[in-house]
Amino acid sequence: MSTPILELEDVSKSFGPIDVLHNINLRVHAGEVLCLLGDNGAGKSTLIKTLAGVHKPTSGVVKFDGKPIEFASPREAQDMGIATVHQFGGTFPLMSIGRSFFVGCEPTRGWGPFKIYDRKRANEIAVKAVQDLGITRIDDGDRLIGGLSGGERQSLAIARAVHFGARVLILDEPTAALGVKQASNVLRIVLEAKRRGLAVIFITHQVMHAMTVGDHFGVLIKGALAADFRKGERSREEITDLMAGGEAMAELEAEIDQYAATHGGHPPPVNPV
């Protein structure tokens, strides 16, 4: 198999005495969607920030194209081709679509000290980039971001990342708080990014959305990788139970049954609180 674009080997992260991530091993390849599932407090946010260059691992190795790397800042990770799209798209409500698309790297026209922002060009490029991903409702680059739906904001942010050459696309709960139709549009764009050869890391707690687009799955529980499996290896119910600690409960029930079988049907004693 090809070398993963992004790989974590035994990555842990602590903040003082508090351990947040414990020996995480994950990899994602080009043209693949890796879904990271976990409930609130599972460590998803810290893992995102470690991948995006916000936090440095306390221990372990992050590899990019098979080579160990340490990101000094999120900008350095972004320059390497790792783009993070947060829950509400990271957009600016009072900016136009074209201006938000190019914020920080605006196209200009003119010469020398007479250069000015090229609004027409920015609008044309932004609208085309979004429409190429299948969001045809956006056709005016002067439209304010605040007038877009949550799904359209996510689409715009993903289109921006693709346009600027992202190789790894990290999506933080992109379908949270979206309606069925908006979520479907975002999932369709995730599949289009995969088709274009991007490695997509899709962070979510919504199992059905993950199963719709995912090729590879990891379940985080209390900062540890509780399961790592491929598409088709687990059912929806099994994944949901695992996220809720179902596997641990099943092991406990098995221990109780085994104890009862060897002690004449009596359950193990309960220690008083």
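Scroll up to find the structure.
Let me sum up the structure you'll find in this document. Everything numeric here is computed off the predicted structure, so don't read it as measured data.

Rules and cut-offs
Residues numbered from 1 in each chain as written. Predicted model: local features only at pLDDT ≥ 70, side-chain atom pairs only at ≥ 80, totals over all residues. Heavy atoms only, no water. Helix = DSSP H or I, 4+ residues; strand = E, 2+ residues; numbered from the N terminus. Expected span 1.5 Å × (residues − 1). Buried < 20%, exposed > 50% of the residue type's maximum accessible area, 1.4 Å probe, protein only. Contact = heavy atoms within 4.5 Å. 1 Å grid on protein atoms, 1.4 Å probe; cavity = no way out; pocket = protein on both sides within 12 Å on 5 of 7 lines; lining within 4 Å. Points joined across faces, edges and corners; volume = space filled by probe spheres on them. Salt bridge = Lys/Arg side-chain N within 4 Å of Asp/Glu carboxyl O.

### Things to note about helix α5 (residues 150-163)
Compared with the 20 Å implied by 1.5 Å per residue over 14 residues, the 20 Å span of α5 between its first and last C-alpha is a close match. Among the 14 residues of α5, eleven are classified as buried, and the element is accordingly described as predominantly covered. What α5 keeps buried is the set Gly151, Glu152, Arg153, Gln154, Ser155, Leu156, Ala157, Ile158, Ala159, Ala161 and Val162. If you follow the buried residues of α5, they end up packed against β6 (82-85), α3 (97-101), α4 (119-132), β9 (168-172) and α6 (180-195).

### A look at empty space enclosed by the protein
Throughout the structure, instances matching the rule amount to one cavity of 30 Å³ or more. Roughly 50 Å³ of volume is contained in the largest cavity. Of all elements in the fold, only β1 (6-15) and β2 (18-28) reach the threshold of two or more residues within the lining of the largest cavity.

### What about the pattern of salt bridges?
Applying the stated rule across the entire model yields twelve salt bridges. Here Glu32 makes a salt bridge to Arg230, at a shortest N to O gap of 2.9 Å. Taken together, the residues span a long stretch of sequence, with Glu32 in strand β3 (residues 32-37) and Arg230 in strand β12 (residues 224-230) at a distance of 198 residues. For Glu32, a relative accessible area of 5% translates into the label buried. Lys128 is the partner of Asp132 in a salt bridge, and the nearest nitrogen-oxygen pair spans 2.9 Å. Of this pair, Asp132 and Lys128 are both found in helix α4, four residues apart, which corresponds to roughly one turn of the helix. Overall, Asp132 belongs to the partly exposed group, its relative accessible area being 41%. Linked by salt bridges that have partners in common, Glu192, Arg195 and Arg196 make up one network.

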